[in-house]
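# A structural walkthrough
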Amino acid sequence: MGIQLFKASFDVEACLAQVRECLEKGWTGMGFKTVEFEEAWKKYTGHKYAYYINSNTAGLYMAVDTLKEKFGWADGDEVISTPLTFISTNHAIPKSNLKAVFADVDETLCLDPKSVEERITDKTRAVIFVGFGGNAGRLKDIVKICKTHRLKLILDAAHMAGTRYKDGTVPGTNGDADVTVYSFQAVKNLPTGDSGIICTDDSELDEIFRKKAWLGINKDTYARAVNSEGTYKWKYDVEYIGDKYNGNAIMAGIALAQLPHLDRDNAYRRALAKWYTDIFEKYPDQVGLVKISNDCITSQHLFQILVKDRDGLMVYLNSNEVYPGVHYIVNTDYRMYAYGKGTCPNAEFASEHIISLPMHMNITFEDVQLITALVVKYVMDIRNGEKLA
Ligand SMILES: *Cc1c(COP(=O)(O)O)cnc(C)c1O
């Protein structure tokens, strides 16, 4: 089977107990465990409002769409985003008839505040920041820029479950981001099957998300089932052409079972990253490392290096039964976003040279020794590296 990039590990007994509870209660849909998880997540992160949904993608779509409506943005208005991300981040922008304007990344692989400022025009309405690999990058500077220029800030925290600042606070909280969206997709740090959570400090936004995620209906099943006072409990109004983005109790049960392990898992991920880094630091001319911002304790969703011949290294590792990944091909390489080609040289460089090494709970110290030895052999013996970092 070799060594895979990702492998989710579950507290199987705890997950089964949660699922059993849902099945025995006869409640597998929205409500019950979804509400319990929302409370647990708010407590864990400090976000004021949190709504459990079926994916991060759904959350990003709702975030952009709802902010556009609430603040009266026009079609064609601009949202600044990174081209170095999973495509969900950027699809959220044209999905709402807005234009994605790409700013470049810095050595943290997150948006470079300087590049963001250069892209601001009188049509700019928002910035979407991706905490790449769990790194907060220069998010605090981006927050300042957004406040100065009165731009909304959406944090795509798909990689950031468990990321904290060193003072213990969570990126996006305390009014830093208008909306923060996490992913609990199958290979993220808090894996379920597919789900996510959309968080905000704004009660009005939270209310709208809850309606929009359920076809625009303004009362959810659970609220009606437990609402004893109303005589007309089966009646509801429909305010939006909403979507079907709500989460369900089965997934939320798995999330509840996994949450107590998140900090421990992330600490192990950081230990793996340190083992990798300790070796690669000896080869600064052949192996480029990603800078983690000083103020952040990363969730370490990814461990990435930059090498001269990435594709060659990939094939070499595969032939040795090590299966890394690439996060990401720069989105301006895709037809949809090709208009941005050539505007973000750092992101384009990363796209050509980056490789994500295996990072999960089943990777051992010995695995890291084996993987780093293969990488070092390749970059030293097979290719003469040129300075990358
Ligand atoms: C995984 C991911 C998403 C999408 O998450 P889903 O929950 O699968 O919709 C969005 N952005 C980034 C950066 C991701 O890695």
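Bear in mind the structure is a predicted one, so any value in this text is a computation, not a measurement.

What counts and how
Residues numbered from 1 in each chain as written. Predicted model: local features only at pLDDT ≥ 70, side-chain atom pairs only at ≥ 80, totals over all residues. Heavy atoms only, no water. Helix = DSSP H or I, 4+ residues; strand = E, 2+ residues; numbered from the N terminus. Rg over C-alpha atoms; globule rule 2.2 N^0.38 Å. Buried < 20%, exposed > 50% of the residue type's maximum accessible area, 1.4 Å probe, protein only. Contact = heavy atoms within 4.5 Å. Lys, Arg positive; Asp, Glu negative; His and termini not counted. Charge placed at Lys NZ, Arg CZ, Asp CG, Glu CD. Near = heavy atom within 4 Å. Polar contact = N/O pair within 3.5 Å; in protein donor to acceptor, adjacent residues only side chain to side chain. Areas by Shrake-Rupley, 256 points an atom, 1.4 Å probe, with all protein chains shown as cover. Domains from an automatic or database assignment. Salt bridge = Lys/Arg side-chain N within 4 Å of Asp/Glu carboxyl O. Nonpolar A, V, L, I, M, F, W, Y, C, P; charged D, E, K, R; others polar. Core = buried A, V, L, I, M, F, W, Y, C linked by side-chain atoms within 4.5 Å. Pairing = 2+ DSSP bridges. Axes fitted to C-alpha atoms, helices over the stretch in contact; angles between N-to-C directions.

## Concerning the overall build of the chain
From N to C terminus, the chain includes 13 helices and 14 strands. Whereas a compact globule of 389 residues would reach a radius of gyration of roughly 21 Å, the chain reaches 22 Å, a difference of no more than 12%. Based on the C-alpha atoms only, the size of the chain along its principal axes is roughly 80 × 55 × 40 Å. Looking at the chain as a whole, 55% of its 389 residues qualify as buried. For the chain, restricting intrachain contacts to residue pairs at least 6 apart in sequence, the fraction spanning at least 24 positions comes to 74%. Distance from the positive charge centre (45 side chains) to the negative charge centre (51 side chains) of the chain: 2 Å.

## Details of the site of the ligand
Close contacts around the ligand come from 16 residues, with Thr 57, Asp 156, His 159, Ser 183 and Lys 188 the closest. Within the backbone of Asn 56, one N or O atom sits 2.9 Å away from an oxygen atom of the ligand. Between Asp 156 and the ligand, the recorded distance is 2.8 Å, taken from a side-chain N or O atom to a nitrogen atom. The fraction of the free accessible surface of the ligand (390 Å²) that becomes covered by protein chains is 93%.

## Details of unusual backbone geometry
The omega torsion across His 327 and Tyr 328 is 0°, close enough to zero to call that bond cis. Tracing the chain through its elements places Tyr 328 in the loop between strand E13 (322-323) and helix H12 (345-353). For Phe 32, which is not a glycine, the phi torsion comes out positive at approximately 60°. Structurally, Phe 32 is set in the loop between helix H1 (12-25) and helix H2 (33-45).

## Regarding the domain arrangement of the chain
Splitting the chain by domain gives domain 1 (3-260) and domain 2 (262-382). Using C-alpha coordinates to define each centre, domain 1 is positioned 26 Å away from domain 2. Counting residues at the interface gives 48 residues for domain 1, matched by 53 residues for domain 2. Summed over the shared surface of domain 1 and domain 2, the number is 0 salt bridges. The set of elements that each furnish at least two residues to the side of domain 1 that touches domain 2 consists of strand E1 (3-4), H2, helix H4 (87-95), strand E4 (99-102) and strand E7 (164-165). Of the residues in the side of domain 1 that touches domain 2, the class split is 24 nonpolar, 15 polar and 9 charged.

## Comments concerning the nonpolar core
Of all hydrophobic cores here, the largest spans 84 residues; its most connected members are Phe 37, Trp 41, Val 127, Leu 153, Ile 197 and Ile 198. Here this core gets 7 residues from one element, more than from any other, and that element is helix H3 (residues 56-71). Domain assignment of the residues forming this core places at least three in each of domain 1 (3-260) and domain 2 (262-382). Look past the residues within four positions of Ile 197 in its chain and what remains in contact with it is Phe 37, Glu 38, Trp 41, Ala 50, Tyr 51, Tyr 52, Ile 53, Thr 180, Val 181, Tyr 182 and Phe 184. Ranked by size, the runner-up nonpolar core spans 26 residues in total, among them Phe 280, Tyr 316, Leu 374 and Tyr 378.

## Some remarks on the sheet that holds strand E12 (residues 303-306)
Paired through backbone hydrogen bonds, the strands of a sheet run either parallel or antiparallel to each other. The sheet built from 3 strands is open, its strands ordered E10-E12-E14 with antiparallel pairing. The strands lining the two open edges of the sheet, one partner per strand, are strand E10 (288-289) and strand E14 (354-357). Where E10 and E12 come together, 2 bridges link them in antiparallel fashion. Paired with Gly 288 across the bridge in E12 is Leu 306. With respect to the sheet, helix H10 (residues 262-280) is in contact with E10, E12 and E14, its orientation differing from that of E12 by roughly 20°.

## Description of the side chain of Ser 183
With respect to the helices and strands, Ser 183 occurs in strand E8 (residues 179-183). Separated by 3.1 Å, the side chain of Ser 183 and the backbone nitrogen of Gln 185 make a polar contact.

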